[in-house]
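Okay, here's what each chain looks like letter by letter:
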Amino acid sequence: MASSASAEPEPTRSPGRGLRGVLNDERIRFILIGGLNTSIGYLIFVILELSFGSRLGYFFSLYGSFLLSSVSAFLLHRKVTFRVSGSERILLDFLRFLSVYTFALVINSIALPLLVEVGAVPPLLAQALIVAATTLVSYFGHKFFSFRRRPDLVADDA
């Protein structure tokens, strides 16, 4: 009886599974790194909003958090999420990244006052809702534009 049990494959184990297998999935890395960066950016937004929002408004908090979190977001996504190496195209990658990041900021800049002023949603809740929507926009923008590599350029960056 014991020999038949050991002959059966373990249903939960398969090649590429487990933590290593999960971390090999770019989408999972994007969610993890994006979540970390979004948390950092949102925390900065909260700190700025609570400290200066009543005097300077929520746009100050929004743009301040954008500026402070964009550099760390670029470095983390480039190296960890999309596993881009080499420094030859780092400036181009950063400019492309900022264009996608700025597009998400434009969406945010339109949606935030609509939710706050028209929808009467408190700024902190409104920003949390917007972050969920812009995450999808950012993933596809970064994957297919910011960190895209043509096959003939991959060898140059490795």
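Computed from a prediction, not measured in an experiment: that's the story for all the values here. (Residues numbered from 1 in each chain as written. Predicted model: local features only at pLDDT ≥ 70, side-chain atom pairs only at ≥ 80, totals over all residues. Heavy atoms only, no water.)

**What to know about a nonpolar patch on the surface**
Item 1. A surface patch of nonpolar side chains, amounting to about 460 Å² of accessible area, comprises V71, L75, I90, L91 and L95.
Item 2. Every element with two or more residues in the nonpolar patch is listed here: α4 (58–81) and α5 (90–118).
Item 3. Tallying contributions element by element places α5 first for the nonpolar patch, with three residues.
Item 4. L75 gets classed as partly exposed once you look at its relative accessible area, which sits at 48%. (Patch = residues over 30% accessible without salt bridge, like charges linked within 9 Å, V, L, I, M, F, W, Y side chains within 5 Å. Areas by Shrake-Rupley, 256 points an atom, 1.4 Å probe, with all protein chains shown as cover. Salt bridge = Lys/Arg side-chain N within 4 Å of Asp/Glu carboxyl O. Helix = DSSP H or I, 4+ residues; strand = E, 2+ residues; numbered from the N terminus. Buried < 20%, exposed > 50% of the residue type's maximum accessible area, 1.4 Å probe, protein only.)

**Observations regarding the side chain of R78**
Item 1. Note on placement: R78 falls in helix α4.
Item 2. With a relative accessible area of 6%, R78 lands in the buried category.
Item 3. From its side chain, R78 meets the backbone oxygen of G86 in a polar contact 3.0 Å long.
Item 4. Polar side-chain contacts of R78 include one of 2.9 Å to the side chain of D93.
Item 5. The contact partners of R78, leaving out residues within four places of it in the chain, are R83, V84, S85, G86, R89, I90, D93, F147 and R149. (Polar contact = N/O pair within 3.5 Å; in protein donor to acceptor, adjacent residues only side chain to side chain. Contact = heavy atoms within 4.5 Å.)

**Here we look at the confidence of the model for the protein**
Item 1. On average, the protein scores 82 in pLDDT, and the residues at 70 or more come to 84%.
Item 2. No element of the protein has a lower mean pLDDT than helix α1 (residues 2–7), which averages 47, and none a higher one than α5, which averages 92.
Item 3. Confidence over residues 2–15 falls short of pLDDT 50; this stretch has zero contacts with residues more than four positions distant or in other chains.
Item 4. Across residues 152–158 the pLDDT falls below 50, and counting only partners more than four positions away or on other chains, this stretch makes nine contacts in the model. (pLDDT = per-residue confidence, 0-100.)

**What to know about the packing of aromatic side chains**
Item 1. Tallied over the full model, the rule gives 16 aromatic pairs.
Item 2. An aromatic cluster is built from F30, F66, F74, F82, F94, F97, Y101, Y139, F140, F144 and F147, whose rings are joined through pairwise contacts.
Item 3. One Lys or Arg, R96, reaches over the ring of F145 and ends 4.4 Å from the middle of that ring. (Phe/Tyr/Trp six-rings, centres within 6.5 Å; stacked < 30°, edge-to-face > 60°. Lys NZ or Arg CZ within 6 Å of the ring centre and 35° of its normal.)

**Details of the layout of surface pockets**
Item 1. Estimated volume of the largest pocket: approximately 460 Å³.
Item 2. If you trace the largest pocket, you find 25 residues lining it, with N37, T38, Y101, V131 and T134 closest to the centre.
Item 3. Looking at the lining of the largest pocket, the elements that each hand over two or more residues are α3 (26–56), α4, α5 and α6 (123–146).
Item 4. The element best represented in the lining of the largest pocket is α3, accounting for nine residues. (1 Å grid on protein atoms, 1.4 Å probe; cavity = no way out; pocket = protein on both sides within 12 Å on 5 of 7 lines; lining within 4 Å. Points joined across faces, edges and corners; volume = space filled by probe spheres on them.)

**Considering the nonpolar core**
Item 1. With 19 residues, the main nonpolar core has F82, F97, L112 and F147 as its most contacted residues.
Item 2. For this core, the elements supplying multiple residues, two or more each, are α3, α4, α5 and α6.
Item 3. Apart from residues no more than four positions distant in its own chain, F147 is found in contact with F74, H77, R78, F82, V84, D93, F97 and H142. (Core = buried A, V, L, I, M, F, W, Y, C linked by side-chain atoms within 4.5 Å.)

**Let's talk about the pattern of salt bridges**
Item 1. If you walk through the whole model with that rule in mind, you get three salt bridges.
Item 2. Across the salt bridge formed by K143 and E26, the nearest N and O atoms sit 2.7 Å from each other. On the criterion of sequence distance, the pair formed by K143 in helix α6 and E26 in helix α3 is long-range, its members being 117 residues apart.
Item 3. Among the salt bridges present, the one from D93 reaches R78, with a minimum N-O distance of 2.9 Å. Here the residue D93 occupies a position in helix α5, and R78 occupies one in helix α4, the gap between them amounting to 15 residues.

**Thoughts on α3**
Item 1. If you check α3, its first and last C-alpha atoms are just 38 Å apart, much less than what 31 residues at 1.5 Å a residue would give, namely 45 Å.
Item 2. Phi turns positive, to about 90°, at G57, one or two residues after α3. (Expected span 1.5 Å × (residues − 1).)

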